[in-house]
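Structural features, examined
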2 protein chains.
Amino acid sequence: MLDLIRSLVVENTTKIVLLSLDGLGGLPRPETGRSELETARLPNLSALATASACGLIRHVAPGITPGSGPGHLGLFGYDPLAYQVGRGVLEALGIEFDLRGGDVAARGNFCTVDGAGLITDRRAGRIATDVCVRLTERLRAIRLPGIEVMVEPVKEHRFVLVLRGAGLSGRLSETDPQALGKAPLPVRGLEPGAARAAELVNTFIAEAGRRLADAAPANMILLRGFDQLPELPRFPEVYGLRAAAIAAYPMYRGLAKLVGMDVLKTGGTYAEEIATLREHWQAYDFFFVHYKDTDKAGEDGDFDAKVQALERFDAFVPAIRELGPDVLIVSGDHSTPSVLAAHGWQPVPALVWSRYCGADPVTAFTERACAAGTLGLIPAHHLMSIVMANALRLTKFGA
Amino acid sequence: MLDLIRSLVVENTTKIVLLSLDGLGGLPRPETGRSELETARLPNLSALATASACGLIRHVAPGITPGSGPGHLGLFGYDPLAYQVGRGVLEALGIEFDLRGGDVAARGNFCTVDGAGLITDRRAGRIATDVCVRLTERLRAIRLPGIEVMVEPVKEHRFVLVLRGAGLSGRLSETDPQALGKAPLPVRGLEPGAARAAELVNTFIAEAGRRLADAAPANMILLRGFDQLPELPRFPEVYGLRAAAIAAYPMYRGLAKLVGMDVLKTGGTYAEEIATLREHWQAYDFFFVHYKDTDKAGEDGDFDAKVQALERFDAFVPAIRELGPDVLIVSGDHSTPSVLAAHGWQPVPALVWSRYCGADPVTAFTERACAAGTLGLIPAHHLMSIVMANALRLTKFGA
């Protein structure tokens, strides 16, 4: 599909804005039977939906709950099942670590082991982040022959391990046995060339055990999700768009960088993100703008907070429309229903506004209303070709 | 999918009529917010939609604007991405040239070159068709060793070149550099066995230059879209249907012939097409009937003319229903919104009527109404299996 799009791209001066509301979709609150989107007062989104083509998108496959990585790759037009990004790489992106091609990244947990080396707590009692920072200092001091070792704290018991050196493979098995009372597993190479990397990681783990022996409850480590940077088609080249990402959170900046977008410096609030959008309006054809509050409230299981986050977003819509985008998309990377207090598999409302988006019966931007829209229920990675068409940036296929 | 259908086909005496309205789908006129279909008075189509299963179809992929070739292949049940037909072949079909297996066809343009052989007009000032006819006579006189050369005028600056001979390859590069101030490119073979065909075409081009030297502005040629007839599964064999095509325009007759339908002789008006349908009613199981006026009006950007074309079509619906088809389908090969004055990517309304088509909430045949239909939003090439099922011509899959 990306090859098809690439072969049909034509130049134009149209501008595209993709507003991604993290965890946008929700579920009805049992007491009212209305979802967060159906409860919130969203006059600007309703007006926009009335003038837009609406639908529902799903990011991975029916019933599959997407992580933020696959969710955003889908929005960017990449089939998340065809372009998989390992958890180690996502964790590194999430702290904006400057991961390079060939680096092997893994997700690390501090854990607790007993005298026999058996795991008694897989998360080391969720140690405070400052303890994590101090203990990663100890791990950083570990030296391995011929390669560079980098260890970065993330949050609580979590850290990132990165190995840098020529010829390393990231096809390595995990050490977390996913159960208490067992010893961490040794790392095994999962492809012929991976034996050396496996040996290096096992050496690192043994040395980490020695250096953490007195640091209970964080007296051992578990490593998961080994991977290297995937080779993704570059977004600006596939679509012929000068593309910029505006996101306050590092994970989303990292994902945008992964596909080759320019990541713009911005502040921590949505108002600052919109100011950044305005400031760079002339320099780009495509803007990905990320809104985090919806997901945060959903993850907290706070229905009212999610309603308020939606209403705060709604108030920004007029300022964005005033910039005069030729195509405006509102959607998200996955659902985060407050009643689940977690990511969900439910399809996510999407709207595409342009002069050419077509007649559509939908007059509200909700899960239920969008189900009757002319976009239908489509894979998220089909959205970008529709967006490109609305921007009059694709020529026709066949005579 | 075609293999699956073929394996499930059972005999029956049911009759199927596929009414293809070229460029059917539209967009709202900004002044009224209503599309062509929503503006037209279509009492017969509304009644039919009320009794039918409705939906939206897209012919190639989301956001991709189909040409007439891929659009109709989709309607006939062929995935247009799996069965690609080159532009040279489509151009030959468009003038009903009797293209045979192994023939290499290319789209030709007369163009203007300056004294240094650099292109100054890629379309030779769109010379009149009668000039084109006269100049193709000159090209026809060119002889190439061991093969037959055919040149047919199309319209204005356009013609078709066909090479006939054993062992020719159609995998050839184009000569149009797609820019002014450059010389036409030499043809290169794009597969190992294509060197001879490339050499023959280059000889033809050099000789064409000599014979056109005094014919400015049409003093050179450009060749594009080299291809050979693709091997398509034959429609009558896949579906077990005696299939006939009724179309006033040569392109659509050519497409129907390409998939093995019988092309019936008919007049230039839709009334004559319907008379042809009535006349041959007993002899066939499946009729593809093509209506061109909707596309013509859309391409002209004439909203009112498209509305009138729809209303004229609507008046024919009772006569078609009187024939008593068991399955009646109304749809199109692509959208041609008047506000775009060109083919569009928007999904196209579709209705399937039969005794067994099922309960459906749709009561009007419009883009907006069909979005809520029970057919959903589906690839056009999924329609034919639904049609076959409604004709009780498919047995069940598995015991």
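Predicted model only: the values in this text are computed from it and were never measured.

Let's talk about the overall build of chain A
Each helix and strand counted, chain A has 14 helices and 13 strands in total. Taking 21 Å as the expected radius of gyration for a compact globule of 399 residues, we find that chain A reaches 23 Å, a close match to that expectation. Its C-alpha atoms give chain A principal-axis dimensions of about 70 × 55 × 35 Å. When the 399 residues of chain A are sorted by exposure, 56% land in the buried category. Of the roughly 15,500 Å² of accessible surface on chain A, 51% is carried by carbon and sulfur atoms. On chain A, the mean spot of the 41 positive side-chain charges and the mean spot of the 45 negative ones are 2 Å from each other.

Some details on the environment of Asn390 of chain A
Summarising the element assignment, Asn390 of chain A is placed in helix H14 (residues 383–390). Using a relative accessible area of 4% as the deciding quantity, one classes Asn390 of chain A as buried. Other than its neighbours up to four places away in sequence, Asn390 of chain A contacts Val327, Val352, Ser354, Tyr356 and Cys357 of chain A together with Trp345 of chain B. Within the local environment of Asn390 of chain A, its side chain forms a polar contact with the side chain of Ser354 of chain A, the two groups lying 2.5 Å apart.

Some points on unusual backbone geometry
With an omega of 10 degrees, the peptide bond between Ala216 of chain A and Pro217 of chain A qualifies as cis. Position of Pro217 of chain A among the secondary structure elements: in the loop between helix H7 (195–211) and strand E7 (220–227). Residues other than glycine seldom take positive phi values, yet Leu392 of chain B does so here, at roughly 55 degrees. Secondary-structure assignment places Leu392 of chain B in the segment after helix H14 (383–390).

Observations regarding the packing of aromatic side chains
Applying the stated criterion across every chain, the model contains 26 aromatic pairs over all chains. Aromatic pair Phe235 of chain B and Tyr239 of chain B: ring centres 4.6 Å apart, planes at 55 degrees, arrangement tilted. Here Phe235 of chain B pairs with Tyr239 of chain B, and both are found in helix H8 (residues 235–239), just four residues apart, close to one helical turn. Look at Phe235 of chain B and you get buried, because its relative accessible area is 0%. Feature note: the residues Phe76, Phe235, Tyr239, Phe286 and Phe288 of chain A constitute an aromatic cluster, connected by ring pairs. The ring of Trp281 of chain A has Lys15 of chain A sitting right over it, with the charged end atom 5.9 Å from the ring centre. Above the face of the Tyr249 of chain B ring, Lys292 of chain B is positioned so that its terminal group lies 5.3 Å from the ring centre.

With respect to the confidence of the model for chain A
Within chain A, residue pLDDT values average 96, and 100% of them lie at 70 or more. This prediction of the complex comes with two scores: 0.90 for pTM and 0.87 for ipTM.

Some remarks on the sheet that holds strand E12 (residues 348–353) of chain B
Whether parallel or antiparallel, the strands of a sheet pair through hydrogen bonds between backbone atoms. Residues and elements named next belong to chain B. Spatial strand order, E9-E8-E10-E1-E11-E12-E2-E13: eight strands in an open sheet with mixed pairing. Of all the strands in the sheet, just strand E9 (262–263) and strand E13 (376–379) have a single pairing partner and so form its edges. For strand E8 (residues 243–246) and strand E10 (residues 286–291), the ladder comprises four bridges, and the chain directions are parallel. The residue of E10 that forms the bridge with Ile246 is Val289. Here helix H3 (residues 43–50) sits on the sheet and contacts strand E2 (53–58), strand E11 (327–331) and E12; the angle it forms with E12, its principal contact strand, is near 65 degrees. Together, strand E1 (16–21), E8 and E10 form the strand contacts of helix H10 (residues 270–279), whose direction differs from that of E10 by roughly 175 degrees.

What to know about the packing of helix H5 (residues 87–94) of chain B against helix H9 (residues 250–258) of chain B
Residue and element names in this part refer to chain B. The contact between H5 and H9 brings their axes to 7 Å, and the two run at 115 degrees. Counted together, Leu90, Leu93 and Gly94 of H5 and Pro250, Met251, Gly254, Leu255 and Leu258 of H9 form the full contact between these two elements. The class makeup of the residues in the contact of H5 with H9 is six nonpolar, two polar and no charged.

Description of the side chain of His334 of chain B
Residue and element names in this part refer to chain B. The topology assignment puts His334 in the loop between E11 and E12. A distance of 3.2 Å separates a polar atom in the side chain of His334 from a polar atom in the side chain of Asp333. A distance of 3.3 Å separates a polar atom in the side chain of His334 from a polar atom in the side chain of His343. Those residues in contact with His334 that lie beyond four places of it in its chain are Asp22, Gly23, Leu24, Gly25, His59, Pro66, Gly67, Ser68, Asp295, His343, Gly344 and Val348.

A look at the interface of chain A and chain B
Taken together, the 26 residues of chain A in the interface contact 31 residues of chain B. In total, about 2,100 Å² of surface goes out of reach between chain A and chain B, with carbon and sulfur atoms giving 73% of it. Put simply, chain A and chain B have zero salt bridges between them. The tally of links from chain A across to chain B stands at five residue pairs in polar contact (both at pLDDT 80 or more). Put simply, the parts of the chain that give the side of chain A that touches chain B at least two residues each are helix H1 (2–8), strand E13 (376–379) and H14 of chain A. Grouping the constituent residues of the side of chain A that touches chain B by class yields 16 nonpolar, eight polar and two charged.

Some words on the environment of Leu18 of chain B
Along the chain, Leu18 of chain B turns up in strand E1. Relative accessible area serves as the criterion here: at 3%, Leu18 of chain B is assigned to the buried category.

Details of the sheet that holds strand E8 (residues 243–246) of chain A
Residues and elements named next belong to chain A. Here eight strands make up an open sheet; going across it, the order is E9-E8-E10-E1-E11-E12-E2-E13 and the pairing mixed. The strands lining the two open edges of the sheet, one partner per strand, are strand E9 (262–263) and E13. Relative to E13, strand E2 (residues 53–58) is paired through four bridges, and the arrangement is parallel. What sits directly across from Leu56, in E13, is Leu377. Seen against the sheet, helix H3 (residues 43–50) touches E2, strand E11 (327–331) and strand E12 (348–353) and runs at an angle of roughly 65 degrees to E12. Contacts from helix H4 (residues 68–75) reach strand E1 (16–21), E2, strand E10 (286–291) and E11 within the one sheet, and its direction differs from that of E1 by about 155 degrees.

Re the nonpolar core
Core analysis: the largest hydrophobic core is formed by 96 residues, its most contacted members being Leu19, Phe235, Met261 and Phe286 of chain A. Counting residues per element, this core draws most heavily on helix H12 (residues 303–322) of chain A, which supplies seven residues. Beyond its immediate chain neighbours, meaning those up to four positions away, Phe286 of chain A contacts Ile16, Leu18, Phe235, Leu241, Arg242, Ala243, Ala244, Met261 and Met384 of chain A. Core analysis: the second largest hydrophobic core is formed by 90 residues, Leu24, Tyr252, Phe313 and Cys357 of chain B among them.

What to know about the relation of the copies chain A and chain B
The operation relating chain A to chain B is a screw motion whose rotation component is 124 degrees, with 0.1 Å of axial translation and a residual RMSD of 0.2 Å. Accordingly, the operation relating the two chain copies is best matched by a three-fold axis. Looking at the rotation axis and the C-alpha trace of chain A, the residue lying nearest is Ala372 of chain A, at 3.0 Å.

Focus: helix H9 (residues 250–258) of chain A
All names here are of chain A. Within H9, the full set of buried residues consists of Tyr252, Arg253, Gly254, Leu255, Ala256 and Leu258. Those residues of H9 that are buried are in contact with H4, helix H5 (87–94), E8, E9 and E10. The first or second residue beyond H9 is Gly260, which carries a positive phi of 95 degrees.

Considering the side chain of Lys292 of chain B
Residue and element names in this part refer to chain B. By the element assignment, Lys292 lies in the loop between E10 and helix H11 (293–299). Given a relative accessible area of 13%, Lys292 falls into the buried group. Leaving out residues up to four positions away in the same chain, Lys292 has contacts with Asp22, Tyr249 and Tyr252.

Thoughts on a nonpolar patch on the surface
A surface patch of nonpolar side chains, about 270 Å² in accessible area, is lined by Val339, Leu340 and Trp345 of chain A. Position of Trp345 of chain A relative to the elements: it lies in the loop between E11 and E12.

Some points on the pairing of strand E5 (residues 148–155) of chain A
All names here are of chain A. Where E5 lies against strand E6 (residues 158–164), seven bridges are found, and the strand directions are antiparallel. Its bridge partner being in E6, Glu148 is matched across the sheet by Arg164. Hairpin connection between E5 and E6: a loop of two residues separates the two successive antiparallel strands, and Glu156 in this loop has a positive phi of roughly 50 degrees.

What counts, and where the lines are drawn
- Residues numbered from 1 in each chain as written.
- Chains lettered and ligands numbered in written order.
- Predicted model: local features only at pLDDT ≥ 70, side-chain atom pairs only at ≥ 80, totals over all residues.
- Heavy atoms only, no water.
- Helix = DSSP H or I, 4+ residues; strand = E, 2+ residues; numbered from the N terminus.
- Rg over C-alpha atoms; globule rule 2.2 N^0.38 Å.
- Buried < 20%, exposed > 50% of the residue type's maximum accessible area, 1.4 Å probe, protein only.
- Areas by Shrake-Rupley, 256 points an atom, 1.4 Å probe, with all protein chains shown as cover.
- Lys, Arg positive; Asp, Glu negative; His and termini not counted.
- Charge placed at Lys NZ, Arg CZ, Asp CG, Glu CD.
- Contact = heavy atoms within 4.5 Å.
- Polar contact = N/O pair within 3.5 Å; in protein donor to acceptor, adjacent residues only side chain to side chain.
- Phe/Tyr/Trp six-rings, centres within 6.5 Å; stacked < 30°, edge-to-face > 60°.
- Lys NZ or Arg CZ within 6 Å of the ring centre and 35° of its normal.
- pLDDT = per-residue confidence, 0-100.
- Pairing = 2+ DSSP bridges.
- Axes fitted to C-alpha atoms, helices over the stretch in contact; angles between N-to-C directions.
- Nonpolar A, V, L, I, M, F, W, Y, C, P; charged D, E, K, R; others polar.
- Buried area = accessible area lost by both parts, 1.4 Å probe.
- Salt bridge = Lys/Arg side-chain N within 4 Å of Asp/Glu carboxyl O.
- Core = buried A, V, L, I, M, F, W, Y, C linked by side-chain atoms within 4.5 Å.
- Least-squares fit on C-alpha atoms with pLDDT ≥ 70 in both.
- Patch = residues over 30% accessible without salt bridge, like charges linked within 9 Å, V, L, I, M, F, W, Y side chains within 5 Å.

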